[in-house]
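Structural features, examined
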Amino acid sequence: MRTFTSLFIAVLFSFTLSAQVVVINSPSSLEGAYMWETGFGADLTTDIWTGNLQFVDDGTAAPTEGCNDLINDLTGDIAIVDRGACEFGLKSLNAEMAGAIAVVICNNVAGGPIPMGGGAVGDQVTIPAIMLSLEDCNTIRMEMDNDNLVNMTIGNLVFDNDISTSIRGIQVPLTGTVPANQIGAINDLGGLLTPAVNVANNGLLDANNIVGTATINFTPTGGSSSQVYQESVTETLIPIDTSAIIFMPDYDYSGSEEGVYDITYTIAADEPDELIFDNEVSTSFTVSNNAFSKAQWDVANNRPQQNIGFTIAGGGPIEMIAGFHIPAGEGFRIDSCQFQCSTNNETLEGIIIKANIYEWNDIDGDSSYQNDELTLVGINN
C-alpha cells in the first residue's frame, strides 16, 4: 500500500482550491448552489458574473439549441441553451455575439452535467460556459415558462464555511476491468480498498472536526441492496485554502459476490456548510459472472459502461491509454478491444481507428508509466 498512498496524495493535492460556484439568487423556490461542469471559456476563479437567465432564439425549428446566429438580444443576460445538434463552443460563441455575459448549457441526458469540449471555435469564447443537469434545467424552465425572472451568479463566490470534495477526490478500487477470478490477486493487495476522500476548505474560516464517512452498499444480481461497510474518521482541522485526505479502514473485496457495490462518501464539519451540494460523492464497482470492473457495468451487453471521453478544439488525432493488471495471468490472451466513438460528420468513412497493446514493466516502481517502460506487443487498425 505504501507506493499507492504516496501516489494518491500527490494526485489529490493538485486540485485547485479556489471557489467556483453556480448559484441561483431568485426566485426563492430555486435559491441555492447547483452542480455544474465546464471545459472552456472564462476562468471562473477570476471574476463574478450575475444576470438574469434568457433562453437563446436562433429563429429555427429548434430555436433554443442556438446553432445559428441568434435573433434575440442577450445584452447583460446569462444565456441558457439546450444541448444538441452542434458543438458546445458554437452555441456559446453565438450567445456571446448576441451580448450574453455567460452561458448555461442544459444537458439533454439524465444523470447530471458532463465536462464540455469547445470544439472548433471554443477557444474564441471569452465568457463563462457551464453545463447544468437536465433535471435542474427542467426546474428552471418551469419557472421561466411562468414568466418568473431567474437570476444567477457564476464565479468566484466565497462563503464563510465551505468544505467540498469531488468525483476526482475520492478513492476507488485500484484496478480497471479484469477477469473476476483475479480479484484476490489484484496488485498483490489481496483485493483491498482503502476508502479515502480529499476535503478542500474553500471558505473564509477554518473548518473544524471534519468527519469523512464512506458507506458501501451491495446489490447482488437479482437481489436487494444491503449495507456491507460504513466507517467514519474525523480530521480535527483543515485551515483556510488547504485540503486534507481522510483515510478510512480497509474494505476487503477479494471474496466479492456477483453484483454492484455502491460507494458513497460524505463530509461534514462542526460549522453548517453554506454550499452542501458538493459534500457527497458516489461511485461504484461491479463484479459480473466473469469480470471485475471499477467502472459502471452495462448488464445487457456484459461490458463496462462508457466512462471517459475526449475532444480536441479544431479536430485532430485523439489518443487515450488505459492500463490493466492481471497478476496471475498465465494462460490469458487478449482477443478483442472494444470502445465507442462519435463524430459530428455524417459518416465515419476516412476516420482511422487504431488499437495498440503495450506490455508495461514498472521499472522504477512508481505506479506511473514512462515511455521506456512500454513495449509494443500488438497492433490493429
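The text that follows walks through the structure, step by step, so that each part is easy to find.

Remarks on the nonpolar core
With 26 residues, the main nonpolar core has Val197, Val199, Ile210, Ile216, Tyr251, Tyr261 and Phe285 as its most contacted residues. Breaking this core down by element, the ones donating at least two residues are β11 (196-201), β12 (207-220), β13 (226-238), β14 (243-247), β16 (259-268) and β17 (280-287). The element that contributes the greatest number of residues to this core is β12, accounting for five residues. Sequence-distant contacts of phenylalanine 285, that is, excluding residues within four places in its chain, are made with Pro173, Tyr251, Tyr253, Gly259, Val260, Tyr261, Ile263, Phe292, Ser293 and Lys294. Ile24, Trp36, Phe55 and Met144 belong to the second largest nonpolar core, which has 21 residues in total.

Some points on the pairing of β14
One face of the sheet, then the other: side chains in a regular strand alternate in exactly this way. Among the five residues that make up β14, four are buried, leaving the element largely enclosed by the rest of the structure. Pairing between β11 and β14: five bridges, direction antiparallel. Within β14, the residue paired with asparagine 198 across the bridge is isoleucine 245.

Digging into the pattern of salt bridges
Enumeration over the complete set of coordinates arrives at one salt bridge. Across the pair arginine 141 and aspartate 82 runs a salt bridge, and its minimum N-O distance is 2.7 Å. Placement of arginine 141 in helix α3 (residues 134-145) and of aspartate 82 in strand β4 (residues 78-82) is noted, with a sequence separation of 59 residues between them.

Points about the side chain of threonine 215
Residue position: threonine 215 is located in strand β12. Accessibility expressed as a relative area gives 13% for threonine 215, which makes it buried. Of the polar contacts made by the side chain of threonine 215, one reaches the side chain of glutamine 230; its length is 2.9 Å. Setting aside anything within four residues of it in sequence, one finds threonine 215 in contact with Gln227, Tyr229, Gln230, Asp262, Ile263 and Thr264.

Side note on the environment of methionine 97
Its location among the elements puts methionine 97 in helix α2 (residues 88-97). Residue methionine 97 is classed as exposed on the basis of its relative accessible area, which comes to 68%. C-alpha of methionine 97 to C-alpha of aspartate 73: the two residues are 24 residues apart in sequence and 9.5 Å apart in space.

Describing the state of the cysteines
Inspection of every chain in the model, using the stated rule, returns two disulfides. With a sulfur-sulfur separation of 2.1 Å, cysteine 67 is cross-linked through a disulfide to cysteine 86. Across the S-S bond linking cysteine 67 and cysteine 86, the dihedral sits near -90°, which makes this disulfide left-handed. Here the residue cysteine 67 occupies a position in the loop between β3 (48-55) and β4, and cysteine 86 occupies one in the loop between β4 and α2, the gap between them amounting to 19 residues. Each member of the pair, cysteine 67 together with cysteine 86, is buried. Paired by a disulfide, cysteine 106 and cysteine 137 hold their sulfur atoms 2.3 Å apart. Torsion about the S-S bond of the cysteine 106 and cysteine 137 cystine: about -90°, corresponding to left-handed handedness. One end of the pair, cysteine 106, is in strand β5 (residues 102-106); the other, cysteine 137, is in helix α3, with 31 residues separating them in the sequence.

Quick word on the sheet that holds strand β6 (residues 129-132)
Read across the open sheet, the seven strands follow the order β2-β1-β7-β3-β4-β5-β6; overall the sheet is mixed. The outermost strands of the open sheet, each flanked by one partner alone, are β2 (32-33) and β6. For strand β1 (residues 21-26) and β2, the ladder comprises two bridges, and the chain directions are antiparallel. Within β2, the position partnered with valine 23 by the bridge is alanine 33. Contacts from α2 reach β4, β5 and β6, with the element oriented near 140° to β5.

A closer look at the environment of valine 125
Assignment of secondary structure puts valine 125 in the loop between β5 and β6. For valine 125 and serine 92, which are 33 residues apart along the polypeptide, the C-alpha to C-alpha distance reads 6.7 Å.

Some remarks on the packing of aromatic side chains
In this structure the tally under the stated criterion is three aromatic pairs. Between tyrosine 229 and tyrosine 251 the ring centres are 5.7 Å apart and the planes differ by 70°, which places this aromatic pair in the edge-to-face class. In this pair, tyrosine 229 sits in strand β13 while tyrosine 251 sits in strand β15 (residues 251-252), placing the two residues 22 residues apart along the sequence. For tyrosine 229, a relative accessible area of 8% puts it in the buried group.

Thresholds, definitions, all that
- Residues numbered from 1 in each chain as written.
- Predicted model: local features only at pLDDT ≥ 70, side-chain atom pairs only at ≥ 80, totals over all residues.
- Heavy atoms only, no water.
- Core = buried A, V, L, I, M, F, W, Y, C linked by side-chain atoms within 4.5 Å.
- Buried < 20%, exposed > 50% of the residue type's maximum accessible area, 1.4 Å probe, protein only.
- Helix = DSSP H or I, 4+ residues; strand = E, 2+ residues; numbered from the N terminus.
- Contact = heavy atoms within 4.5 Å.
- Pairing = 2+ DSSP bridges.
- Salt bridge = Lys/Arg side-chain N within 4 Å of Asp/Glu carboxyl O.
- Polar contact = N/O pair within 3.5 Å; in protein donor to acceptor, adjacent residues only side chain to side chain.
- Disulfide = S-S within 2.5 Å.
- Axes fitted to C-alpha atoms, helices over the stretch in contact; angles between N-to-C directions.
- Phe/Tyr/Trp six-rings, centres within 6.5 Å; stacked < 30°, edge-to-face > 60°.

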